[in-house]
Amino acid sequence: MVRVLLNVPKQVRKGEPFDVKLLISHPMESGQRRDAMGLAIPRDIVRRLVCTFDTEEVFGMDLFPAIAANPFLVFSAQIERSGTLSIMFTDDHGVVQTETAAVEAV
Amino acid sequence: MTGLPPRGACVGRRFLLIAAAGTLLPAIAAASPVQVAVLIRRLIGDATVSEGRVKLDLPVLVENGNTVAMTVSVDAPIGAVHSLHIFAEANPLPEVLHATFGPRAGVPRIQTRIRLATSQTVVAIARMRDGTFWQDSVELLVTLAACID
Amino acid sequence: MKRLLPLLLLCSIAAGPPVDLRSGYDDASAETRAMQDDDGGNPGFLWVREGEAQWSQPAGPLGKSCASCHGDATVSMRGVAARYPLIDKATNRPMTLDRRIGECRTDRQQAEALPPESDAALGLAAYVGLQSRGMPLNVDADNPFVAAGRRLFETRMGQLNLSCAQCHDDRAGMKLAGAVIPQGHPNGYPEYRLEWQAMGSLNRRLRNCMVGVRAEPFPPDSPEMAALALYLAVRAKGLKVETPAVRP
């Protein structure tokens, strides 16, 4: 199972930017390595990540094998009302995983 | 989770370095500045790229190319940046990431960790909503290259 | 080869164990230290969270979890990692924390053993270790296994014919091909290594060092490995537990 650590403040000020911090357990196997027997290790990376707040898009990213194993990402968001922040990502197996956090705007 | 990833020729490289002053790193196929220039041209079309506004933060001396901390920020108000694009001139594949900022994005700044196969130049391009493009680049020295052989 | 081996082999200054203890943290780059310092950005916490989930996950025919017997780990496991390895009363031999956890798993839960270096095993060790973070290592040194461990540490091995002490006592702090030789302390395990791009145990680290000098590594559960781990902990007495540490 892929584990995700999503760090966001529980409470933020309306209209004030805040950081969204993310760690994903994923090998980000580049597809360019060989194993001890000399066989190519198949590529297995997180390809795309999208962050939405309720239905609005916050941030999107296409990832390549140059992103380090166990991807780490910080970006900024800004909201005007309370709601749910969600992170959705897809890897080479097509697995879609979603992680959510409730954020209260005051 | 990634407890014990399959290992290739990477095991004990540091000891080889210690014993042999780094002469044993395998050669890998690399991208080139020309390839990056082509990708950038495809991104910007007929526009031109100016130096400035975007700032790429990378250590000049990299301890281990497997995991290099990178921060990219743009000197622009919230909402003014459309996207950020990072390229590494001497990685096996030149593209590192493309990031887009949506209507709920905050300050135009991202932080992540990247792999660098060898000493090289990394280029950041910012595309603004007004259609202009800005760039920054960092040339860095990698003492222990990323394990992508 | 010709340029560097003489550095390692010819000068045989015997410095003895370090007096001024420096954690591997102190020899890491600012970026690597920053990675360790931020729990939200330290990849070791992916394994800590795995271990936290395991802690209260029933396993084996008795349907018991670690929590069934030990309750809240933040209370019951506080300070435990700082006391390991210790001399096990039942066998009168050095017992590492990893082994102790493995023993609880197989004997007390009667569940199947967790494979070494698996996410579950590393996760549990990291979660237990975290409960001692910031506490000074304080292992009981009053037993003959410490001297046995020290002898192993100071014995030349492998095709490069180097002892652990020649690098970690005599040449700690020296920079070779951009790599700093640290004093070689066990205070951050299990730890996240950039080189591994993953979490790993002290056993894995020691295996790396032995393979590095082209020696046949001691088996993971061997008395030699346990004695080395014990000596390392005694040698590092007073250094703070950093689990989950981040190292190059």
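Residues numbered from 1 in each chain as written. Chains lettered and ligands numbered in written order. Predicted model: local features only at pLDDT ≥ 70, side-chain atom pairs only at ≥ 80, totals over all residues. Heavy atoms only, no water.

Undergrad: Help me understand the interface of chain B and chain A in this model?
TA: One frequent convention defines the size of an interface as the accessible area lost when the parts assemble. Opposite the 35 residues of chain B that make contact, chain A presents 42 residues. At the junction of chain B and chain A, the tally comes to one salt bridge. Taking the shortest distance from any N to any O, the salt bridge between Arg 104 of chain B and Glu 56 of chain A comes out at 3.2 Å. The interface formed by chain B and chain A contains 16 residue pairs in polar contact (both at pLDDT 80 or more). (Contact = heavy atoms within 4.5 Å. Salt bridge = Lys/Arg side-chain N within 4 Å of Asp/Glu carboxyl O. Polar contact = N/O pair within 3.5 Å; in protein donor to acceptor, adjacent residues only side chain to side chain.)

Undergrad: So what exactly am I meant to see when it comes to the sheet that holds strand 4 (residues 68–74) of chain B here?
TA: For sheets, the rule is that strands pair by backbone hydrogen bonds, running either parallel or antiparallel. Spatially, the six strands line up as an open sheet ordered 1(A)-3(A)-6(A)-7(B)-4(B)-2(B), and their pairing is antiparallel. The sheet is open, and its two borders are formed by strand 1 (4–7) of chain A together with strand 2 (54–57) of chain B, each paired with just one other strand. Pairs of neighbouring strands in the sheet enclose a mean axial angle of 15°, with direction left out of account. Where strand 2 of chain B and strand 4 of chain B come together, four bridges link them in antiparallel fashion. Bridge assignment links Leu 56 of chain B to a residue of strand 4 of chain B, and that residue is Val 72 of chain B. (Pairing = 2+ DSSP bridges. Helix = DSSP H or I, 4+ residues; strand = E, 2+ residues; numbered from the N terminus. Axes fitted to C-alpha atoms, helices over the stretch in contact; angles between N-to-C directions.)

Undergrad: Help me out: how do you make sense of the packing of aromatic side chains in this one?
TA: What describes a pair of aromatic rings is the distance from one ring centre to the other and the angle between the planes of the rings. In the structure shown here, the tally under the stated rule is five aromatic pairs over all chains. Seen from their ring centres, Phe 59 of chain A and Phe 75 of chain A are 4.3 Å apart, and the 10° between their planes marks the pair as stacked. On the criterion of sequence distance, the pair formed by Phe 59 of chain A in strand 5 (residues 56–63) and Phe 75 of chain A in strand 6 (residues 72–77) is long-range, its members being 16 residues apart. Relative to Phe 101 of chain B, the ring of Phe 59 of chain A has its centre 5.7 Å away and its plane inclined at 65°; by these criteria the two rings are edge-to-face. Here the residue Phe 59 of chain A occupies a position in strand 5, and Phe 101 of chain B occupies one in strand 6 (residues 95–101), the pair thus bridging two chains. With respect to burial, Phe 59 of chain A and Phe 101 of chain B carry one shared label: buried. Ring pairing ties together the aromatic residues Phe 59 and Phe 75 of chain A together with Phe 101 of chain B, which thus form one cluster. (Phe/Tyr/Trp six-rings, centres within 6.5 Å; stacked < 30°, edge-to-face > 60°. Buried < 20%, exposed > 50% of the residue type's maximum accessible area, 1.4 Å probe, protein only.)

Undergrad: How should the sheet that holds strand 5 (residues 191–193) of chain C be read in this particular structure?
TA: All names here are of chain C. The strand order 6-5-7 describes an open sheet built from three strands, whose pairing is mixed. Both edges of this open sheet fall to strand 6 (198–200) and strand 7 (246–247), since each of them pairs with a single strand only. In this sheet, strand 7 lies alongside strand 5 in parallel orientation, the contact comprising two bridges. Note that in strand 7 the partner of Arg 193 across the bridge is Arg 247.

Undergrad: Sorry if this is basic, but what is going on with the confidence of the model for chain C here?
TA: The predicted structure's coordinates, where accompanied by low pLDDT, should not be read in detail. Model confidence for chain C is summarised by a mean pLDDT of 93, while 93% of its residues fall at 70 or above. Across residues 1–7 of chain C the pLDDT falls below 50, and counting only partners more than four positions away or on other chains, this stretch makes 14 contacts in the model. (pLDDT = per-residue confidence, 0-100.)

Undergrad: Mind showing me how you'd approach the pattern of salt bridges here?
TA: Pairing is possible between side chains that carry opposite charge, provided their charged atoms lie close to one another. Evaluation of the coordinates by the stated rule reveals 21 salt bridges over all chains. The closest approach of N and O atoms between Arg 247 of chain C and Glu 191 of chain C, which form a salt bridge, is 4.0 Å. Linking Arg 247 of chain C in strand 7 with Glu 191 of chain C in strand 5, this pair joins segments that are 56 residues apart in sequence. By sharing partners, the salt bridges in this structure join Asp 54, Glu 56 and Arg 81 of chain A together with Arg 104 of chain B into a single network.

Undergrad: Looking at this structure, I do not really get the pairing of strand 5 of chain A. What am I missing?
TA: Each regular strand displays side chains that alternate between the two surfaces of the sheet. Two elements, strand 4 (residues 46–53) of chain A and strand 5 of chain A, share six bridges in a ladder whose sense is antiparallel. Looking at the pairing, Thr 52 of chain A lines up with Glu 57 of chain A of strand 5 of chain A. Counting the residues between successive antiparallel strands, the hairpin from strand 4 of chain A to strand 5 of chain A contains two residues, one of them, Asp 54 of chain A, with a positive phi of roughly 50°. Note: strand 5 of chain A against strand 6 of chain B, five bridges, orientation antiparallel. Along strand 6 of chain B, the bridge assignment pairs Gly 60 of chain A with Thr 100 of chain B.

Undergrad: Help me out: how do you make sense of the state of the cysteines in this one?
TA: In protein chemistry, a disulfide is the covalent bond that joins the sulfur atoms of two cysteines. Taken as a whole and assessed by the stated rule, the structure comprises zero disulfides over all chains. Left unpaired, Cys 209 of chain C is separated from the closest cysteine sulfur, that of Cys 164 of chain C, by 7.4 Å. (Disulfide = S-S within 2.5 Å.)

Undergrad: Just to check I follow, could you spell out the domain arrangement of chain C for this structure?
TA: Residues and elements named next belong to chain C. Each domain of chain C was delimited in the assignment, giving domain 1 (4–38 + 138–247) and domain 2 (46–130). Taking the mean C-alpha position of each, domain 1 and domain 2 sit 24 Å from one another. Each partner contributes to the interface: domain 1 provides 20 residues, whereas domain 2 provides 19 residues. Both sides of the domain 1 and domain 2 interface together cover about 1,600 Å² of buried area, and 70% of this is carbon and sulfur. If you sort the residues of domain 1 by the area they bury against domain 2, Phe 145, Met 199 and Thr 243 come out on top, with a joint share of 28%. The partner of Asp 221 in a salt bridge is Arg 99, and the shortest N-O contact between them spans 3.9 Å. Remark: the boundary between domain 1 and domain 2 carries two residue pairs in polar contact (both at pLDDT 80 or more). (Domains from an automatic or database assignment. Buried area = accessible area lost by both parts, 1.4 Å probe.)

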